[in-house]
Amino acid sequence: MLVFAAALAAGAALSAGDGKAVRRAVYASTFPVGEGRAIADRACLLCHSASLTTQQAKDSTGWEKTLGQMEKWGVRLTPAEHDTLRHYLLTHYGARAK
Ligand code: HEC
């Protein structure tokens, strides 16, 4: 529990760097810069905010499942975009160390 609280505090301190963070801004509300951001901006903000994605930590299989689910729900991605996005999400929101 202490460790968890410390991690949250660290997250809050980090996002306060721009000087206009609000208390809830522990998770990023925009996608990080990188290959895949344009795809995420286009395909992943239609139904829910970016923070639903940025608060996750998944391994490759986990992101594959999520992307498959989102595609079933209507997200349109070419196979190349799908791969770029999975790699992008894995790079930024990969599984946390146990
Ligand atoms: C057609 C609407 C729609 C689009 C577009 C969409 N999503 Fe979702 N997504 C949903 C719904 C509905 C849920 C479930 C919301 C809930 O549980 O509150 C969800 C939940 C999620 C979750 C949390 C559940 C989980 O599997 O971890 C993640 C992460 C996620 N979406 C990522 C994405 C990404 C990445 C994209 C872009 C490729 C995307 N979504 C585009 C509808 C969409």
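(A) A look at the overall build of the protein. The helix and strand tally for the protein stands at five helices and zero strands. Listed N to C, the secondary structure of the protein is α-α-α-α-α in terms of helices and strands. The 98 residues of the protein split such that 10% are buried. Relative to all contacts within the protein whose residues are 6 or more apart in sequence, the contacts with residues 24 or more apart total 57%.

(B) Region of interest: the site of the ligand. Taken together, 16 residues sit near the ligand, with Cys44, Cys47, Thr66, Met70 and Gly74 positioned nearest. Breaking the shell around the ligand down by element, the ones donating at least two residues are helix H3 (51-54) and helix H4 (60-72). The greatest single-element share of the shell around the ligand, amounting to four residues, is contributed by H4.

(C) Quick peek at the nonpolar core. Counting residues in each nonpolar core, the largest one holds seven residues, listed as Phe31, Ala40, Cys44, Trp63, Leu67, Leu85 and Leu89. Listed by contribution, the elements that provide at least two residues to this core are H4 and helix H5 (79-92). Discounting chain neighbours no more than four positions away, the residues touching tryptophan 63 are Lys58, Arg86, Leu89 and Leu90.

(D) The arrangement of the packing of H4 against H5 in detail. In the contact formed by H4 and H5, the axes pass within 9 Å of each other and the chain directions differ by 130 degrees. Between H4 and H5, the crossing angle belongs to the class labelled oblique. Relative to H5, H4 is oriented so that their crossing is right-handed. Two secondary-structure elements touch here, H4 through Ser60, Trp63, Glu64 and Leu67 and H5 through His82, Leu85, Arg86, Leu89 and Leu90.

(E) The arrangement of the environment of leucine 89 in detail. Positionally, leucine 89 belongs in helix H5. Taking the number of C-beta atoms within 10 Å as the measure of exposure, leucine 89 has 24 and is therefore buried. Considering only alpha carbons, one finds leucine 89 and glutamine 56, 33 residues apart in sequence, at a separation of 9.3 Å.

(F) Summary view of H4. In a regular helix each residue adds 1.5 Å, so 13 residues correspond to 18 Å; H4 covers 18 Å between its end C-alpha atoms and thus fits that length. Looking one or two residues past H4, glycine 74 carries a phi angle of roughly 125 degrees, positive in sign.

(G) Geometry of H5. The terminal C-alpha atoms of H5, which comprises 14 residues, lie 20 Å apart, in line with the 20 Å expected from a rise of 1.5 Å per residue. Buried within H5 are the following residues: Leu85, Arg86 and Leu89. Down the axis of H5, the sector holding all buried residues measures 100 degrees, keeping them to one side. Looking at H5, the residues exposed on the side facing more than 90 degrees away from the buried face are Ala80 and Thr91.

Calculation notes
Residues numbered from 1 in each chain as written. Predicted model: local features only at pLDDT ≥ 70, side-chain atom pairs only at ≥ 80, totals over all residues. Helix = DSSP H or I, 4+ residues; strand = E, 2+ residues; numbered from the N terminus. Buried ≥ 20, exposed ≤ 12 C-beta atoms within 10 Å, placed from the backbone. Contact = placed C-beta atoms within 7 Å. Near = placed C-beta within 6 Å. Core = buried A, V, L, I, M, F, W, Y, C linked by C-beta atoms within 7 Å. Axes fitted to C-alpha atoms, helices over the stretch in contact; angles between N-to-C directions. Parallel < 35°, antiparallel > 145°, perpendicular 65-115°, else oblique. Left-handed = near helix turned anticlockwise from the far one by under 90°. Expected span 1.5 Å × (residues − 1). Arc of directions from axis to C-beta.

That's the geometry; what it means functionally is another story.
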